[in-house]
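Chain by chain, the residues:
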Amino acid sequence: MRIDQFDNAILAALQEDASLTNAALAEVVNLSASQISRRRVALEKAGIIRGYGARLDAARLGFGLRAVTRVNLRSHGADMESDFARFVATHPQICAAFSVSGDADYILDIRVADLQAFADFIHLKLLPHPQVAQVRSEIVLKTLKDHVGVPLD
């Protein structure tokens, strides 16, 4: 699918506020609501818009600690990596997980209530996992930028 300036404007507006109706988007993008609707459906069908959601304030919901955790596995192979992927999928404390190059195999974005909850997760869940060889974590002290969208400029 080719993305033009109108599609880009729709995507940018929805990244800022996913609750915008087609009528509200029409005012922002300067197209009719029916044109917005057709374009929005096409963007969804193409998989460019994967879904809609609310951005929540983790701290106000009691998740006061965020950590970036680097994980190295004991060995590599499809079975080991799929086993670790299942572990990641079943633990809601892990908000994002990335297979990376460099000195770690994976980087995990972990959010929990406090330091004790983090220690419990690391010592009782992550370190005992049979594929985990090494864990190194950094506690986030201050968030400078936390944009969840895609840079459309």
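Look a little higher up for the structure.
Treat the numbers as computed from the prediction; the structure is a model and nothing was measured.

Definitions and cut-offs
- Residues numbered from 1 in each chain as written.
- Predicted model: local features only at pLDDT ≥ 70, side-chain atom pairs only at ≥ 80, totals over all residues.
- Heavy atoms only, no water.
- Buried < 20%, exposed > 50% of the residue type's maximum accessible area, 1.4 Å probe, protein only.
- Helix = DSSP H or I, 4+ residues; strand = E, 2+ residues; numbered from the N terminus.
- Pairing = 2+ DSSP bridges.
- Expected span 1.5 Å × (residues − 1).
- Arc of directions from axis to C-beta.
- Contact = heavy atoms within 4.5 Å.

S.K.: Explain the pairing of strand β1 (residues 65–73) to me, please; I cannot follow it from the model alone.
M.R.: Each regular strand shows side chains that alternate between the opposite faces of the sheet. The element β1 is extensively covered by neighbouring structure, given that seven of its nine residues are classed as buried. Where β1 lies against strand β3 (residues 106–112), seven bridges are found, and the strand directions are antiparallel. Each residue of the ladder has a partner; that of Val 71, found in β3, is Tyr 106. In this structure, β1 lies alongside strand β4 (residues 132–139), joined through seven bridges in antiparallel fashion. Looking across to β4, one finds that Thr 69 is bridged to Ser 137.

S.K.: Where do I start with helix α1 (residues 5–16) in this structure?
M.R.: In an α-helix, one turn spans 3.6 residues; hence positions three or four apart end up facing the same way. Taking 1.5 Å of rise per residue, the twelve residues of α1 would be expected to cover 16 Å, and the 17 Å separating its terminal C-alpha atoms lies within 8% of that figure. Looking only at α1, the buried set comprises Asp 7, Ile 10, Leu 11, Ala 13 and Leu 14. Around the axis of α1, the buried residues are gathered within 165° of arc, so they sit on the same side. Seen from the buried face of α1, the exposed residues on the opposite side, beyond 90 degrees, are Gln 5 and Glu 16. On its buried side, α1 packs onto α2 (22–29) and α3 (33–45).

S.K.: Can you walk me through the environment of His 123 in this structure?
M.R.: Inspection of the secondary structure puts His 123 in helix α5 (residues 115–126). When the C-alpha atoms of His 123 and Ile 10 are compared, they prove to be 45 Å apart, with 113 residues separating the residues in sequence.

S.K.: Teacher, can you tell me more about helix α4 (residues 78–89) here?
M.R.: The terminal C-alpha atoms of α4, which comprises twelve residues, lie 16 Å apart, in line with the 16 Å expected from a rise of 1.5 Å per residue. For α4, the set of buried residues is Phe 84, Phe 87 and Val 88. The arc enclosing the buried residues of α4, seen along the axis, measures out at 100°, which places them on a common side. Of the exposed residues in α4, the ones pointing more than 90 degrees away from its buried face are Ala 78, Asp 79 and Ala 89. Summarising the contacts, the buried residues of α4 are in contact with β1, β2 (94–99), β3, α5 and β4.

S.K.: Any chance you could explain the environment of Ile 94 here in plain terms?
M.R.: Tracing the chain through its elements places Ile 94 in strand β2. C-alpha separation for the pair Ile 94 and Arg 66, spaced 28 residues apart in sequence, amounts to 9.9 Å. Not counting residues within four places of it along the chain, the set of residues in contact with Ile 94 comprises Phe 87, Val 88, Leu 108, Asp 109, Ile 110 and Phe 121.

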